[in-house]
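Here is what each chain is made of, one letter per residue.
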Amino acid sequence: MHKLLITGCRGQLGSELQDIADDYESLDFLFTDYDELDITDRKAVRNYIEEHEVDCVVNCAAYTAVDKAESEPEKCELLNDIAPGYLAEAIASRGGSMIQISTDYVFDGQGHIPYREDMLTAPQSVYGRTKLAGEEKVVRNCPGAMVIRTAWLYSSYGKNFVKTMLRLAKERSEIGVVADQIGTPTYAHDLARAICAIAERGIVPGIYHFTNEGVCSWYDFTKTIFRLEGIDADDCRVRPLRTDEYPSAAARPHYSVLDKSKIKQTYGLDIRWWEDALKSCLKKL
């Protein structure tokens, strides 16, 4: 049986992995968060992986407060850059493999065609720079590692855009949502399923992209959430905004659609359209 260590198990993706773990009989899961394993402690990481005879690390832990990261770069670097390096070197010493979860923020977001894995990276924020540095450490320290970049992650667990919009719909008669940033929402449950399928079939090292299928703006995403939940303009009107009307500490990508051809071809994945995935999530809320 293949033994997987899941870090950051109480986040959105980690929680979804816990939900589906029993569906994969060939995989033996070890779920940890900070209380069980401090991944910023190099010695603790090595000891845990050795003692539990881990075969593969799936690193879901990260510093994800994008705006706050601009004023806390050291904390962000520790979790997003240094800690993944510790995990990678520890699992590599056992001849094991690793799946590092990364982000669309490694690109500058100024493109107009879906980003392939081999395209130039140019992060515009502390969060993006530390996630890219973490990718590089993982690939360098563990020959059996793969990086999965994703975007616009949401779930029935944790804090996310979908839950925030539903809460604001109850609190306000009108909300403004950015309409000139384009990407693809990703249901963490679907990413969790993909990770388990990859772990079962065997990791082919390299960098991959995974989101749901399709493209939308944050404004489109919100309008769809409200339509599916039966929230109309009389309940809460959604007003489109330009990025410059919604200032933030960290730069946001204007275009961050990820090309998923590589992961679909390598693993034969059938990926859902983002709206179908959203419907599934809303049923759980």
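Scroll up a little and you will see the structure.
This write-up is about the structure you can find in this document. Everything quoted here is computed from the prediction, not taken from an experiment. (Residues numbered from 1 in each chain as written. Predicted model: local features only at pLDDT ≥ 70, side-chain atom pairs only at ≥ 80, totals over all residues. Heavy atoms only, no water.)

A short note on the packing of aromatic side chains
Enumeration over the complete set of coordinates arrives at 14 aromatic pairs. A centroid spacing of 5.7 Å and a plane angle of 90 degrees characterise the contact between Phe221 and Trp274, whose relative ring orientation is edge-to-face. In this pair, Phe221 sits in helix H7 (residues 218–229) while Trp274 sits in helix H9 (residues 274–284), placing the two residues 53 residues apart along the sequence. Here the aromatic cluster, defined as three or more aromatic residues joined through ring pairs, consists of Trp152, Tyr154, Phe161, Tyr187, Trp218, Phe221, Trp273 and Trp274. Directly above the ring of Tyr208 sits Lys262, whose terminal nitrogen or CZ lies 4.6 Å from the centroid. (Phe/Tyr/Trp six-rings, centres within 6.5 Å; stacked < 30°, edge-to-face > 60°. Helix = DSSP H or I, 4+ residues; strand = E, 2+ residues; numbered from the N terminus. Lys NZ or Arg CZ within 6 Å of the ring centre and 35° of its normal.)

Details of the environment of Ile207
Here Ile207 is to be found in strand E10 (residues 206–209). Since its relative accessible area comes to 22%, Ile207 is described here as partly exposed. Sequence separation between Ile207 and Gln100 is 107 residues, and the spatial gap between their C-alpha atoms is 9.3 Å. Sequence-distant contacts of Ile207, that is, excluding residues within four places in its chain, are made with Glu117, Glu135, Val147, Arg149 and Lys262. (Buried < 20%, exposed > 50% of the residue type's maximum accessible area, 1.4 Å probe, protein only. Contact = heavy atoms within 4.5 Å.)

Examining the environment of Arg10
Tracing the backbone through its elements, the reader meets Arg10 in the loop between strand E1 (2–7) and helix H1 (12–20). A residue is classified by how much of its surface remains accessible, and Arg10, at 46% relative accessible area, is partly exposed. For the pair Arg10 and Asp33, spaced 23 residues apart in the sequence, the C-alpha separation amounts to 6.5 Å. Excluding residues that lie within four positions of it along the chain, Arg10 makes contacts with Ser15, Asp33, Tyr34, Asp35 and Glu36. Polar side-chain contacts of Arg10 include one of 3.3 Å to the side chain of Asp35. (Polar contact = N/O pair within 3.5 Å; in protein donor to acceptor, adjacent residues only side chain to side chain.)

Considering the packing of helix H3 (residues 73–92) against helix H4 (residues 126–141)
Between H3 and H4, the shortest axis-to-axis distance is 8 Å and the interhelical angle comes to 10 degrees. Between H3 and H4, the angle is such that the two are roughly parallel. Crossing handedness for the pair H3 and H4: right-handed. On the side of H3, the interface is formed by Pro73, Cys76, Glu77, Asn80, Asp81, Pro84, Gly85, Ala88, Glu89 and Ala92, while H4 contributes Val126, Tyr127, Thr130, Lys131, Ala133, Gly134, Lys137, Val138 and Asn141. (Axes fitted to C-alpha atoms, helices over the stretch in contact; angles between N-to-C directions. Parallel < 35°, antiparallel > 145°, perpendicular 65-115°, else oblique. Left-handed = near helix turned anticlockwise from the far one by under 90°.)

Here's the deal with H9
Of the positions making up H9, those classed as buried are Trp274, Glu275, Ala277, Leu278, Cys281 and Leu282. Each buried residue of H9 sits inside an arc of 155 degrees when the element is viewed along its axis, so together they form one side. Against strand E6 (153–154), helix H5 (161–171), strand E9 (186–187), helix H6 (188–201), strand E11 (216–217) and H7 lie the buried residues of H9. (Arc of directions from axis to C-beta.)

Remarks on H5
What H5 keeps buried is the set Phe161, Val162, Met165, Leu166, Leu168 and Ala169. Burial along H5 is one-sided: seen end-on, the buried residues are contained in an arc of 165 degrees. Away from the buried face of H5 by more than 90 degrees, exposed residues Lys170 and Glu171 are located. In the core, the buried residues of H5 are packed alongside E6, strand E7 (174–178), H7 and H9. The residue sitting at the N-terminus of H5 and contributing the capping side-chain oxygen is Asn160; that oxygen lies 3.2 Å from the backbone nitrogen of Val162.

Description of the nonpolar core
Core analysis: the largest hydrophobic core is formed by 34 residues, its most contacted members being Phe221, Ile225 and Phe226. With six residues, the single largest contributor to this core is H5. Excluding residues that lie within four positions of it along the chain, Phe221 makes contacts with Trp152, Tyr154, Phe161, Val162, Pro185, Cys216, Trp274 and Leu278. With 30 residues, the next largest nonpolar core counts Tyr24, Ile101, Met146 and Ala199 among its residues. (Core = buried A, V, L, I, M, F, W, Y, C linked by side-chain atoms within 4.5 Å.)

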